Amino acid sequence: MKSSRTLGLVMIAPAAVMIILFFLMPVVLTAVFSMTNMTTATGISGGVYQIAPNSLIALKSAMPEIAAEMAEPRYTIDEAGLTAVEGLGMAPGIVAELRAKHIGEVFPARRDVERMIKDLAERPSTREVKQTSEQFNRSVLNTRFDSKEQLFSALDNLGFKLTPEQKEIVAKTTYTGWTWTTENFSRMASSPDMARVLFNTVLYVALVLTLFNVGYALLLAIWTHYMPPTPASIFRGIWLLPRITPVVIYVLLWKWLAWDSGFISILMGKFGYLPKNYLLDTAYNAWFFVVLINGFIGASMGMLVFSSAMKAIPKSQFYASEVDGASRWQQIRYIILPQMRWPILFVTCYQTLSLLASFNEILLATNGGPGNATEVWALAAYHTALRNYAGNLEYGLGAAMALVLVVIGVTLSLLYLRVFNYGTLVAKPLIED
Amino acid sequence: MTILPTLKSLAVAAAILASSSAIALAKDVHISVWAGGTGPNDVYRLDAIEIAAQQLQREAALKGEDLKITVEKKPYSAWEDFKQALTLAAEAKTAPNIVVSGHEDIAPWSQAGLIVPIEDYVDLDSWPLSDIYENLLKIASYNGTVYGIPQDAESRPMFFWKPYMKAIGYSDADLDALPQSVQDGKYTMKNLLEDAKKMQDKGLVQPGYGFYPRTSNGPDYWQFYTSFGGTMEEGGKLVFDKAAMTRTYQFFADAVKSGVTKKNHIGMPGDQWWKEVATGKAGIWDGGTWHYARLVNQEGLKDFFGNVIFTLIPAGEGGKANTLTHPLVYLLTAGHDKEDTEIAAQLIKIASEPRTNALHAVKSAHLGISKSESTVDFYSADRWTREATERLLPHANAMPNNSDFGKYWNIMWKNLEASWTGAKTVDAAVGDAESELKSTLGDKIVIR
């Protein structure tokens, strides 16, 4: 008994590893990222400390004099620098001339000191000029320090007399990396656009789900149920096409249909209507097409589930009802629908979760337009975190948005499990109850 | 008799020594270069690096080094894909050696440590770098450090379809004077909308085709903000001028309301837009200097100067006529072997020589990067580059190199699109932009 339990654990280990790596970790990482202000500018792997003119703007208000002093780039030809240059192994004449003619000189900018070095009798190569000038750099401006300690020791070496509090202010204002924050959530809560996006998402899920994924799917299943087997199979096969066509091609076909130069415009042109982009003409049009595009794909799954469920209804019930003189509508109402309760619930639940997270068809068709009218939550998260024209990828905010989706998804899943009463569901086949 | 074998053996020894020293100095370097926004006219962004590699190999050979450089080129036509790919590759330490991107990326990428300053590797005082326009080099800098070398310059003019302008009453002399009139602020945005309307009312263009602006997000829209008196950055801080932004949003809302611009204009297929402006389906539109190459090379507009006149973006209320230059820059990415980065920097330097850069300028209808490029006959003989350089470049602004500008830009665009399509009123859009900017950027942006 004991050994079989161990064996069970061993057998399940690969699956457990996969679950942790590919399901749990992304969620955990999303949660972690969502608590940061990570962007392209802060990087992902962590920042450094850099006293740069842009960070000095913030420092100026806290300690103007020190900020002004730090802003000074200084290149000083001193003995320490000369010794360092000697260590580089360049022509000895270079150091000798620097020592003889330039010791004690201070240059305000790197280009100035490099111009002087280039004028030496034994003109060094560009690479050597750069190496030499660096040895005389006596400023912290634009230098990147990996840690606070390095920054503080450089400041100490340059004679900045800073209190520990001042040092912390300097460190804080010059840090280039990301920090922990809950601002993403307050930004989401306060942004009017986020509310709109949330509304769009609810609208999108509700429309596609009720009109197509469940409603139309049920209609298709019932139609085909009453058809002879061969036409029924052909009909179902046709409705599977949107599902099996590559999504890019499928959406392109819709675009061709609805663009200014597309089929609808050409057709309407015959009746004197000016061509227009029906897909993006108004928010209503965009919604109409977004729902159709997604609905035609989504209807097939419900259709298959419902069809097979209907096949499981004992034929005798239909025969008996026919004998009793029941109409088609009465058969649907009193035989089919009551027994379809669980498949309908299942499709509703499954498709809600799938619609919540899906955005690729919208991305390809309208990219959220016009005027962000069809921007749904998942698409907005993608735009924010991974793809926008300005190239400023806000990983932290995007992750926070994704986390909201995860939370909604998990909550709904739990709710559905409860509705389904999972224990009962697996106990006995409900459809043959 | 004995001297000959000795000489022979000496010669063999010398040959062996020579060959072994050659082996010792042989160096195979692999340089990868990626370029964003690169269509068929812009191939020299990448090819120039290949040309430079040939030159550097020859220079190395003269110094007795056997340097072999392989250049791997990767063009990206769209910006979104390119920036996503580059950012993620750089974070994963697999970035190419050289990147050609917009100057506005310098701030965030340098702060994140994805790129290294090119001034650490090249001598800016030596030709051809010393000859590059000072303002372009400034645009390629951040925090007082030169990070990139300008790969091209351009500006974004307003285009007018000449035959329609004539049809609504402009004489040839009026049209010749139009660029100056725009520059002097006599011809304004208001006049532009009026003319666009006239073109439609006369049936010259279909409704919605009078003013036919860019169909997607882009730097172009900052020009309109400048036209209406807006400032993007001041003293290192971003600026959101509410009044100017309101006027900008209102301008597009008015254009839609009066029917000269389509409500569904944004997001329309790019190819369709190109075809329409090249065939005179649109009356007035804005674009970039490089549009000339596309219109003439790909879209079949043979008599460009006979059909099109170009000017600065006219002044709006409270602003001035302007144009925006958006130089792409050669950047060096971090995380590579220092010697490879040095070679990459050398390649960028050589690729910036006037004759090589002129290949890109003429083929893609971008503008030159250096003073002496204007003296290259091949460049100056090209009417478009010559006229565009003279007429536009002196008035060109640039977007700020600020690590937070991208956030500002996204918020500005999102609300412009919303007010354009009527999803929000202009006031609501400006209000939403303001509140989002406040919560996003805090004291990093001045709102006035």
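Residues numbered from 1 in each chain as written. Chains lettered and ligands numbered in written order. Predicted model: local features only at pLDDT ≥ 70, side-chain atom pairs only at ≥ 80, totals over all residues. Heavy atoms only, no water.

Asks: Go over the overall build of chain A with me, naming the residues and quoting the values.
Replies: On a plain count of helices and strands, chain A comes out with 22 helices and four strands. The C-alpha radius of gyration computed for chain A amounts to 34 Å, which surpasses the reference 22 Å derived for 433 residues by more than 25%, pointing to a less compact arrangement than a globule. The C-alpha extent of chain A, read off along each of the three principal axes, is 120 × 80 × 40 Å. Sequence-distant contacts, at least 24 apart, represent 72% of the contacts inside chain A between residues at least 6 apart. For chain A, the accessible surface area stands at approximately 22,200 Å², while carbon and sulfur atoms represent 67% of it. (Helix = DSSP H or I, 4+ residues; strand = E, 2+ residues; numbered from the N terminus. Rg over C-alpha atoms; globule rule 2.2 N^0.38 Å. Contact = heavy atoms within 4.5 Å. Areas by Shrake-Rupley, 256 points an atom, 1.4 Å probe, with all protein chains shown as cover.)

Asks: Give a description of the overall build of chain B that names residues and reports values.
Replies: Helices and strands together make up the secondary structure of chain B, namely 19 helices and 16 strands. Overall, the C-alpha framework of chain B stretches about 105 × 50 × 35 Å when taken along its three principal axes. For chain B, the residues scored as buried account for 60% of the 448 residues in total. For chain B, restricting intrachain contacts to residue pairs at least 6 apart in sequence, the fraction spanning at least 24 positions comes to 77%. A total accessible area of about 16,800 Å² is found for chain B, and carbon and sulfur atoms account for 54% of it. (Buried < 20%, exposed > 50% of the residue type's maximum accessible area, 1.4 Å probe, protein only.)

Asks: Tell me about the pattern of salt bridges, and name the residues and values.
Replies: The tally for this structure, following the rule as stated, stands at 48 salt bridges over all chains. Residue Lys27(B) pairs with Glu339(B) through a salt bridge whose shortest N-O separation is 3.4 Å. Here Glu339(B) lies in helix α14 (residues 338–351) and Lys27(B) lies in strand β1 (residues 27–35), a separation of 312 residues in the sequence. For Glu339(B), a relative accessible area of 36% translates into the label partly exposed. Each of Arg111(A), Arg115(A), Lys118(A), Arg123(A), Asp123(B) and Asp125(B) takes part in a single network of salt bridges with overlapping partners. (Salt bridge = Lys/Arg side-chain N within 4 Å of Asp/Glu carboxyl O.)

Asks: Please provide a residue-by-residue account of the pairing of strand β12 (residues 308–311) of chain B, values included.
Replies: Strand residues, when the strand is regular, have side chains that alternate between the two faces of the sheet. Residues and elements named next belong to chain B. On β12, burial covers both faces: Val-308 and Phe-310 on one face and Ile-309 and Thr-311 on the other are all buried. Alignment of strand β8 (residues 158–161) against β12, held across four bridges, turns out to be antiparallel. Residue pairing in the sheet places Trp-161 in a bridge with Val-308 of β12. (Pairing = 2+ DSSP bridges.)

Asks: Any details on the sheet that holds strand β9 (residues 233–234) of chain B? Residues and values, ideally.
Replies: In space, the three strands of this open sheet follow the order β9-β10-β16 (chain B), with mixed pairing throughout. In this open sheet, the two strands that pair with only one neighbour each are β9 and β16 (445–447) of chain B.

Asks: Describe the sheet that holds strand β11 (residues 284–286) of chain B, naming the residues involved and giving the relevant values.
Replies: All names here are of chain B. The strand order β11-β8-β12 describes an open sheet built from three strands, whose pairing is antiparallel. Whereas interior strands pair on both sides, the edge strands pair on one side only; in this sheet they are β11 and β12. Averaged over all neighbouring strand pairs, the angle between strand axes comes to 25°, with direction disregarded. Relative to β11, β8 is paired through three bridges, and the arrangement is antiparallel. (Axes fitted to C-alpha atoms, helices over the stretch in contact; angles between N-to-C directions.)

Asks: Describe in detail the interface of chain B and chain A, supporting the description with residues and values.
Replies: With 63 residues of chain B in contact, the opposing surface of chain A contributes 52 residues. Of the roughly 4,900 Å² buried at the junction of chain B and chain A (both faces included), carbon and sulfur atoms supply 46%. Summed over the three residues of chain B that lose the most area to chain A, namely Gln111(B), Asn143(B) and Asn264(B), the buried surface amounts to 13% of that side. The tally of links between chain B and chain A comes to twelve salt bridges. Between Asp260(A) and Lys262(B) there is a salt bridge, and its shortest N-O distance comes to 2.8 Å. Run the count over chain B and chain A and you get 32 residue pairs in polar contact (both at pLDDT 80 or more). Here the residues of the side of chain B that touches chain A are counted per class, giving 19 nonpolar, 23 polar and 21 charged. (Buried area = accessible area lost by both parts, 1.4 Å probe. Polar contact = N/O pair within 3.5 Å; in protein donor to acceptor, adjacent residues only side chain to side chain. Nonpolar A, V, L, I, M, F, W, Y, C, P; charged D, E, K, R; others polar.)

Asks: Quick rundown of the packing of helix α2 (residues 53–62) of chain A against helix α9 (residues 164–174) of chain A? Include the residues and the values.
Replies: All names here are of chain A. Taken N-terminus to C-terminus, the directions of α2 and α9 make an angle of 150°; their axes are 8 Å apart at the nearest point. Taken together, α2 and α9 sit at an angle that is classed as roughly antiparallel. The way α2 lies across α9 gives a crossing that is right-handed. Residues Ser-55, Ala-58, Leu-59 and Ala-62 of α2 touch α9, and the partners they reach there are Ile-169, Val-170, Thr-173 and Thr-174. When the residues that make up the contact of α2 with α9 are grouped by side-chain class, the tally is five nonpolar, three polar and no charged. (Parallel < 35°, antiparallel > 145°, perpendicular 65-115°, else oblique. Left-handed = near helix turned anticlockwise from the far one by under 90°.)

Asks: Summarise the packing of aromatic side chains; cite the residues concerned and give the values.
Replies: A full pass over the atoms with the stated rule returns 51 aromatic pairs over all chains. Relative to Trp384(B), the ring of Tyr292(B) lies with its centre 4.9 Å away and its plane at 5°, an arrangement referred to as stacked. Note that Tyr292(B) is positioned in helix α12 (residues 291–298) and Trp384(B) in helix α17 (residues 383–392), a separation of 92 residues in sequence. For the residue pair Tyr292(B) and Trp384(B), the accessibility class agrees, reading buried in each case. Each member of the aromatic cluster is reached from another via a ring pair, and the members are Phe212(A), Tyr216(A), Trp223(A), Trp239(A), Tyr250(A), Trp254(A), Phe288(A), Phe289(A) and Phe296(A). Just above the ring of Phe305(B) sits the side chain of Arg383(B); from NZ or CZ to the centre is 3.7 Å. (Phe/Tyr/Trp six-rings, centres within 6.5 Å; stacked < 30°, edge-to-face > 60°. Lys NZ or Arg CZ within 6 Å of the ring centre and 35° of its normal.)

Asks: Residues and numbers for the side chain of His360(B), please.
Replies: Mapped onto the secondary structure, His360(B) falls in helix α15 (residues 354–364). The contacts of His360(B), once residues within four sequence positions are left out, are Asp42(B), Tyr44(B), Arg45(B), Gln151(B), Asp152(B), Ala365(B) and His366(B).

Asks: I'd love a proper account of the environment of Val214(A), names of residues and values included.
Replies: Residues and elements named next belong to chain A. Inspection of the secondary structure puts Val-214 in helix α11 (residues 192–225). The class for Val-214 is buried, based on a relative accessible area of 13%. On a C-alpha basis, the gap between Val-214 and Ile-12 in space is 35 Å, while along the polypeptide they are 202 residues apart. Those residues in contact with Val-214, other than ones at most four positions away along the chain, are Leu-209, Phe-306, Ile-344, Val-347 and Thr-348.

Asks: I'd like a description of the nonpolar core, backed by residues and values.
Replies: The biggest cluster of nonpolar side chains holds 151 residues, and the ones touching the most others in it are Phe211(B), Trp222(B), Phe304(B) and Tyr408(B). Ignoring any residue separated from it by four or fewer positions in sequence, one finds Phe211(B) in contact with Met158(B), Leu192(B), Ala196(B), Phe224(B), Phe251(B), Phe252(B), Val260(B), Thr261(B), Ile284(B), Trp285(B) and Asp286(B). Core analysis: the next-biggest nonpolar cluster, separate from the first, contains 59 residues, Phe212(A), Val291(A), Leu292(A) and Leu379(A) among them. (Core = buried A, V, L, I, M, F, W, Y, C linked by side-chain atoms within 4.5 Å.)

Asks: Lay out the environment of Ala283(A) in plain terms, naming residues and giving numbers.
Replies: Residues and elements named next belong to chain A. Locating Ala-283 in the fold gives a position in helix α15 (residues 283–311). Distance from Ala-283 to Thr-374, taken between C-alpha atoms, is 7.5 Å for residues 91 residues apart in sequence. Non-local contacts of Ala-283, meaning those with residues more than four positions away in its chain, are made with Pro-370 and Ala-373.

Asks: Could you give me a rundown of the packing of helix α4 (residues 79–87) of chain A against helix α5 (residues 92–102) of chain A, with the residues and numbers involved?
Replies: Residue and element names in this part refer to chain A. Between α4 and α5, the least distance of the axes is 9 Å, while the angle of their chain directions is 170°. Between α4 and α5, the angle is such that the two are roughly antiparallel. In contact with Glu-79, Leu-82, Val-85 and Glu-86 of α4, α5 contributes Val-95, Leu-98 and Arg-99. Counted by class, the contact of α4 with α5 contains four nonpolar, no polar and three charged residues.

Asks: An account of α11(A) is requested, with residue identities and associated values reported.
Replies: Residue and element names in this part refer to chain A. Helix length check: α11, at 34 residues, gives a terminal C-alpha distance of 47 Å against a target of 50 Å (1.5 Å per residue), a fit within 8%. Of all the bends in α11, the largest measures some 45° and sits at Leu-209. The distance from a side-chain oxygen at the start of α11 to the backbone nitrogen of Asp-193 is 3.2 Å, and the residue carrying that oxygen is Ser-191. (Expected span 1.5 Å × (residues − 1). Bend = angle between axes of the 7 residues up to and from the residue.)

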